[in-house]
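Residue-level structure breakdown
Read off the chains here:
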Amino acid sequence: NDRTLIATKVPVSGREEPIALRNGEVSQVAVVAAAKSIIVYDMKGDLVYEKPSAEETPWDGECRGVAWSPDGKWLFSWGMFGAKVYDANDGTYIYHFTDHKSTVRDCEIDPRGRYIVMAGTSRCVTIYELRSEKLVHRFIESGITGPCTFDHAGDRVAYFDRGRGAKGGKVVIRDVQS
C-alpha cells in the first residue's frame with residue numbers, strides 16, 4: 001500500500017524526536033526537532049520546509065508529535081492545548097484544535113481521514129470531525145489518557161486510561177458515532 005503511515009522516534013540532537021513518514025505521490029519525512037520545529041524532508045534528505053511550531057499559535061511547551069493524514073494532504077502536530085493542522089505540501093497553517101486544557105500526549109487521524117482523536121494529561125479524550133472542525137465527542141476518564149488509535153474502518157477509537165493510581169489502568173474502546 002503506497003499510503004502506509006509509519007510513526008516512530010529518531011535521535012535528533014542527542015534526544016529522541018517524533019517522526020512520521022508520508023508515502024504516495026510525494027515521499028517525505030517529518031521530524032519534530034528540539035520539540036519546537038516541524039521539519040519536512042524529501043526521501044533524498046533535502047529540506048522541503050521548516051515550521052516553528054509556535055509560529056501561528058504558541059504551544060506554551062513542547063510539541064509532542066507529528067503525523068500525516070491518510071491521504072497525505074495534511075500534516076498534524078500536537079502538544080500543549082491541542083493539535084495543529086498544516087497543508088502538507090507547503091506547511092501553511094490551517095487550524096488549531098484547542099479543546100484540551102493541558103498537554104495532548106497522543107493524536108491520530110482515522111484511516112479514512114474523517115476524524116481526529118486526541119488524548120492527554122487532562123483526563124480528556126476528544127474526537128473532532130476534520131472537515132467541519134466540529135467536536136464529535138469529549139470523554140472524561142479517571143486518569144491521564146493515551147496512547148489512542150482508530151480501528152481499521154475508523155468507526156471505533158481505543159485509548160488507554162491510566163486511572164488514578166500508579167498501577168493499573170484500562171483500555172477503553174468507544175464508537176465514534178454513538
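Topic: the overall build of the protein
On a plain count of helices and strands, the protein comes out with 0 helices and 16 strands. A separation threshold of at least 6 residues defines the contact pool for the protein, and within that pool the share at least 24 residues apart is 32%.

Focus on the pairing of strand β11 (residues 115–120)
Within β11, 6 of the 6 residues are buried, which leaves it mostly tucked inside the rest of the structure. Pairing of strand β10 (residues 104–109) with β11 involves 5 bridges; the strand directions are antiparallel. Bridge pairing in β11 links Ile109 to Ile116. A loop of 5 residues connects β10 with β11, the two strands running antiparallel in sequence, and Gly113 in this loop sits at a positive phi of about 75°. Hairpin connection of β11 to strand β12 (residues 124–129): 3 residues between the antiparallel strands, including Arg123 at a positive phi of 70°.

Overview of the sheet that holds strand β14 (residues 145–150)
Pairing within the open sheet is antiparallel, and its 3 strands lie in the order β14-β15-β16. Taken across any chain shown, the strands that pair with only one partner, and hence form the sheet edges, are β14 and β16 (170–175). Shown here is a sheet whose adjacent strand axes are inclined to one another by a mean of 20°, direction ignored. Relative to strand β15 (residues 156–161), β14 is paired through 4 bridges, and the arrangement is antiparallel. Looking across to β15, one finds that Thr145 is bridged to Asp161.

A word on the sheet that holds β11
Within a sheet, each strand pairs with its neighbour through backbone hydrogen bonds, oriented either parallel or antiparallel. Within the open sheet, the 4 strands sit side by side as β10-β11-β12-β13. Their pairing is antiparallel. Taken across any chain shown, the strands that pair with only one partner, and hence form the sheet edges, are β10 and β13 (135–140). Mean inter-strand twist for the sheet, computed between neighbouring axes without regard to direction, equals 15°. Here β12 pairs with β13 via 5 bridges, running antiparallel. Residue pairing for β13: Ile127 is matched across the bridge by His137.

Topic: the side chain of Thr145
Looking at the secondary structure, you find Thr145 in strand β14. Within the structure, the side chain of Thr145 is placed 2.9 Å from the backbone nitrogen of Gly120, a separation counted as a polar contact.

Concerning the packing of aromatic side chains
Using the criterion set out here, one finds 4 aromatic pairs in the structure. Taking the centre distance of 6.2 Å and the plane angle of 70° together, the rings of Tyr86 and Tyr93 count as edge-to-face. Using a relative accessible area of 1% as the deciding quantity, one classes Tyr86 as buried. Ring centres of Phe97 and Tyr128 lie 4.6 Å apart, and the angle between their planes is 45°; on these two criteria the pair is classed as tilted. Here Tyr128 lies in strand β12 and Phe97 lies in strand β9 (residues 93–97), a separation of 31 residues in the sequence. Here Phe97 matches Tyr128 in class, with each residue buried. Ring-pair connections join several aromatic residues into one group, and the members of that group are Tyr95, Phe97 and Tyr128. In this structure, Arg174 packs its charged tip against the face of Phe139, placed 4.2 Å from the ring centre.

The rules we used
- Residue positions are counted from 1 within each chain, in the order its sequence is given.
- pLDDT decides what is reported in this predicted model: residues at 70 or higher carry local features, side-chain atom pairs at 80 or more are listed and counted, and totals for whole chains, interfaces and linings draw on all residues regardless.
- As a rule here, side-chain values come from all non-hydrogen atoms in the structure, and water together with hydrogens is ignored.
- Put simply, DSSP H or I for four residues or longer makes a helix, DSSP E for two residues or longer makes a strand, and each gets a number counted from the N terminus.
- Should any heavy atoms of two residues lie within 4.5 Å, those residues are counted as being in contact.
- The buried label applies to any residue whose accessible area, calculated with a 1.4 Å probe on protein chains only, is under 20% of its type's maximum; exposed applies above 50%, and partly exposed to all values in between.
- Whether two strands pair depends on DSSP finding at least two bridges between them.
- Interaxial angles span 0 to 180 degrees and are taken between N-to-C directions of axes, which are lines fitted to C-alpha atoms, for helices over the stretch in contact.
- Definition of a polar contact: a pair of N or O atoms within 3.5 Å, with one able to donate and the other able to accept a hydrogen when the atoms are protein atoms, and with sequence-neighbouring residues admitted only if both atoms are side-chain atoms.
- Any Phe, Tyr or Trp ring, taking Trp's six-membered ring, that has another such ring centre within 6.5 Å forms a pair; planes under 30 degrees apart are called stacked, those over 60 apart edge-to-face, and the others tilted.
- Remark: a charge is flagged as sitting over a ring if the NZ atom of Lys or the CZ atom of Arg is within 6 Å of the ring centre and within 35 degrees of the ring normal.

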